[in-house]
Amino acid sequence: MSKEATGENGAVLGSSDYWNRVNRATFFGTLMQRPSETNYHETLQEVGNRAGAAVEEIYDDLQEHINVIRNISSDRRSALAKQVQSLYDVCRISGSFCSHSSDCIGILNLSSFYLPGSSLRDDRAVQTAIQKIKNCSDFFASECLDLLQKAVDWSISFAAGSDARKTAFLQDISQGKDKEFLRDVLNTYRSNNESADLRGRCGYSIGSREYLNYVERKVLLQDLPAIYSDDYDGGIKDSLEDIARQLQRDLSQNERENNYITDDTARNLRAAVSELEHCGISTGISDSMIERLAWFVGGDAAKIRQLQQRFNELNLGGRLLEDGVYGKKTDGARESFLDELARGTFPTLAWLDPLQSSWTGIRAATKITRDGRNFSRLVSSESNMPLFRADLHPYKGNTSYYHINVDALPDASAWQKRLASKLDHTEISKEAYDILKDFQHSAKVVRIAGRVLLVAGAALDALELCNVIDGDLHDADQKIGKKTYSTAASIGGSWAGGALGAKGGALAGAAIGTAILPGLGTAVGGIAGGLILGFAGSYAGSSLGKWVIDITDVGE
């Protein structure tokens, strides 16, 4: 039995509840302000913006301590450099701005290009000099630093004076380089031996686990699993791909079960796929995959179930599942039913001609005006003289005077002429005018060989339900290829709607009406005669002929 599609999580596919469950099952869902929606690209951009801001904060922290960066241990510098690279990757996939990532990485790798006063210095030589200071046996560490400071401020010769040991020590430290190198050695030694660690504005030591976690939570609003600790963009991609795979599985499963989605759901699913692909995720979900599920056309389930029951009673072929879902099988049964109606093969059908043209000499015809408008009218079959039609023109100060034109035949009796004159220019409602001005279009059965189809029993019920359901179905895109079946209204609603009863009743009524006034009387009499005798007909006794299908309006 077909039903509205649901996901593995038990929620209706594409609903807010569905997305809430799917998204929250991944870490990406916790990044979304509205996890019940599918605004994935918007969320990704927000994460990217936070990542860019985090890189700027790291850069500011490093700049604040640029002269003592070497004091940060190599493992902390390496860990922070990896985090900066991962933050840059997030900015890249989100299209967000990230201006100082390479600067941060260069500083943390102690690249001479990014460190002040050391663009031409040899960091290895500096470290060698520091080790010599620490290993010096001739002087205390404080004496070494005093000598270096004097050498930096003045010169080696001034600092050493006439002491050969001091001269040898300073020359060994300088390694043949100038005073600026000695300044680098002195600054680096002092920075490496400062008791206070280097802290960022957040209050944590730069590169420490607390510092890294602070940045991670600021950007991703959570602590990531260890597998993604250095691969933020990989975690984001994996989460979005998990969402795409879940959606693909749910679509495939529901297609196998012949379930359906509504038009609104189809639009939501297409939007979700578009959002995922905008984030660089290959979903493998085509529009046709969604379209195959979007065969549902809405409608009142109770009415559709009744229609399916009537179709089964009529034994149109394969038995329908009475599930209240208007799908392809139900529409196919409807098409078969209407085809049978058009051929008149049901035992509950009959045809009649309300005008009885062959007996009355009155027929329907169309007049085309100079401005191209069509007007239906009743004419004499013999002379083509117009006897009745609806009209509209200014009359006695009324600019929109809806009325009927009634004429009598030239050989009509005096009282027939007086009756026609009395009815001529009788005012009618706009609704009546709209029907009568083109009754061949409103009820084309009048002109199709003068035949009107009468329906009773299960066929009548099915036809009535078709008419009611037609207005309910939400199938603007013609997804099931449904044909347009126009149905006429009930008694008095149109010319066809009043054509009820047995052929004998219509013939008698038409003859009587023609005797009273050829044209208008013919039609009214044929309808009335059919109605009177129809109640005594042999059509299961109840609501005979309540609905009549306009078989001339069956189009593709």
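What you see is a predicted model, and the numbers here were worked out from it, not measured in a lab. Starting afresh in each chain, residues are numbered from 1 along the sequence in its written order. Reporting in this predicted model follows two pLDDT cut-offs: at least 70 for local features of residues, and 80 or more for side-chain atom pairs to be given and counted; totals over whole chains, interfaces and linings ignore these cut-offs and use all residues. To obtain the side-chain values, all non-hydrogen atoms of the structure were included, while hydrogens and water were left out.

Peer 1: Help me out: how do you make sense of the overall build of the chain in this one?
Peer 2: Comment: elements are numbered from the N terminus, with helices defined as DSSP H or I runs of at least four residues and strands as E runs of at least two. A tally of regular secondary structure across the chain gives 22 helices and 9 strands. Note on exposure labels: buried denotes an accessible area under 20% of the residue type's maximum, exposed denotes more than 50%, and partly exposed covers the range between, all computed with a 1.4 Å probe on protein chains only. Taking all 556 residues of the chain together, the buried fraction comes to 47%. Shrake-Rupley sampling with a 1.4 Å probe provides the accessible areas, and residues are treated as covered by the protein chains on show and by no other component. Summed over its atoms, the accessible surface of the chain is roughly 26,700 Å², and 49% of this surface lies on carbon and sulfur atoms.

Peer 1: Help me out: how do you make sense of the environment of Thr128 in this one?
Peer 2: Mapping Thr128 onto the fold places it in helix 5 (residues 123-134). For Thr128, a relative accessible area of 33% corresponds to the partly exposed category. With 45 residues separating them along the chain, Thr128 and Ile173 place their C-alpha atoms 8.3 Å apart.

Peer 1: Can you walk me through the environment of Ser157 in this structure?
Peer 2: Structurally, Ser157 can be placed in helix 7 (residues 156-160). In this structure, the C-alpha to C-alpha distance between Ser157 and Leu170, residues 13 residues apart in sequence, is 9.1 Å. Residues adjacent in sequence count toward polar contacts only when both atoms are side-chain atoms; beyond that, a polar contact is any pair of N or O atoms within 3.5 Å, and within protein one must be able to donate a hydrogen and the other to accept it. A polar contact is formed between the side chain of Ser157 and the side chain of Ser155, at a distance of 3.1 Å.

Peer 1: Even after reading the chapter, I still don't get the packing of aromatic side chains, so can you show me in this structure?
Peer 2: Aromatic rings from Phe, Tyr and Trp, with only the six-membered ring used for Trp, were paired whenever their centres fell within 6.5 Å, and each pair was classed as stacked if the ring planes differed by under 30 degrees, edge-to-face if by over 60, and tilted otherwise. One pass over the full model with this rule turns up 6 aromatic pairs. An angle of 35° between the planes, with centres 4.7 Å apart, marks the rings of Tyr395 and Tyr401 as tilted. Exposure remark for Tyr395: the relative accessible area of 27% places this residue in the partly exposed category. Accessibility expressed as a relative area gives 10% for Tyr401, which makes it buried. We count a charge as sitting over a ring when the NZ of a lysine or the CZ of an arginine lies within 6 Å of the ring centre and within 35 degrees of the ring normal. Taking the ring centre of Phe181 as reference, the NZ or CZ of Lys177 above it sits at 5.6 Å.

Peer 1: It is not clear to me how helix 12 (residues 263-278) should be interpreted in this structure. Could you clarify?
Peer 2: Working note: α-helix, 3.6 residues per turn, so residues spaced by three or four point in the same direction. In a regular helix each residue adds 1.5 Å, so 16 residues correspond to 22 Å; helix 12 covers 23 Å between its end C-alpha atoms and thus fits that length. What helix 12 keeps buried is the set Thr265, Ala266, Leu269, Ala272, Val273 and Leu276. End-on, the buried residues of helix 12 take up no more than an arc of 125°, which puts them together on one face. The contact criterion used throughout is that any non-hydrogen atoms of two residues lie within 4.5 Å. Against the buried residues of helix 12 lie helix 1 (16-24), helix 2 (40-64), helix 11 (232-256) and helix 13 (287-291). Expected helix span is given by 1.5 Å per residue-to-residue step, counting one fewer step than there are residues. Directions are taken from the helix axis to each C-beta atom, and the arc is the one they span.

Peer 1: How do you make sense of unusual backbone geometry when you look at a structure like this?
Peer 2: As a rule of thumb, non-glycine residues mostly have phi less than zero, and peptide bonds are mostly trans rather than cis. With a phi close to 60°, Leu110 is a non-glycine residue in the positive phi region. Looking at the secondary structure, you find Leu110 in the loop between helix 4 (101-108) and helix 5. In this structure, Lys396 is a non-glycine residue whose phi angle is positive, near 50°. Mapping Lys396 onto the fold places it in the loop between strand 4 (386-395) and strand 5 (398-406). Assessed through its relative accessible area of 74%, Lys396 is described here as exposed.

Peer 1: Would you take a moment to explain the sheet that holds strand 2 (residues 362-368) for this structure?
Peer 2: Within a sheet, adjacent strands bond to each other through the backbone by hydrogen bonds, running parallel or antiparallel. Strands pair, by our definition, only if DSSP identifies at least two bridges between them. The strand order across the open sheet formed by 5 strands is 2-3-4-5-6, and the pairing between neighbours is antiparallel. Each edge of the sheet is formed by a strand with only one pairing partner; in this case those strands are strand 2 and strand 6 (426-427). Where strand 4 and strand 5 come together, 7 bridges link them in antiparallel fashion. Among the inter-strand pairings, Phe388 is bridged to a residue of strand 5, identified as Val406.

Peer 1: Is there a simple way to think about the pattern of salt bridges in this case?
Peer 2: Proximity of charged atoms lets side chains of opposite charge pair with each other. The salt bridge definition used is simple: a Lys or Arg side-chain nitrogen within 4 Å of an Asp or Glu carboxyl oxygen. A complete count under the given rule lists 19 salt bridges for this structure. In this structure, Arg21 and Asp17 form a salt bridge, with 2.8 Å as the shortest nitrogen-oxygen distance. With a gap of 4 residues between them, Arg21 and Asp17 both fall in helix 1, about one helical turn apart. The residue Glu291 makes a salt bridge to Arg270 at a minimum N-O spacing of 2.6 Å. Taken as a pair, Glu291 in helix 13 and Arg270 in helix 12 lie far apart in primary sequence, 21 residues in all. Owing to a relative accessible area of 31%, Glu291 belongs among the partly exposed residues under this scheme.

Peer 1: It is not clear to me how the side chain of Thr283 should be interpreted in this structure. Could you clarify?
Peer 2: By secondary structure assignment, the location of Thr283 is in the loop between helix 12 and helix 13. Within the local environment of Thr283, its side chain forms a polar contact with the backbone nitrogen of Ile285, the two atoms lying 3.2 Å apart. The residues touching Thr283, leaving out its near neighbours within four places in the chain, are Ala244, Gln248, Val273, Leu276 and Glu277.

Peer 1: What exactly am I supposed to notice about the pairing of strand 2 here?
Peer 2: Remember that side chains alternate between the two faces of the sheet whenever the strand is regular. Bridging between strand 2 and strand 3 (residues 374-380) involves 7 bridges; their strand directions are antiparallel. Each bridged residue has a counterpart across the sheet, and for Thr366 the counterpart in strand 3 is Ser376. Connecting strand 2 to the next strand, strand 3, in antiparallel fashion are 5 residues, including Gly372 with a positive phi near 90°.

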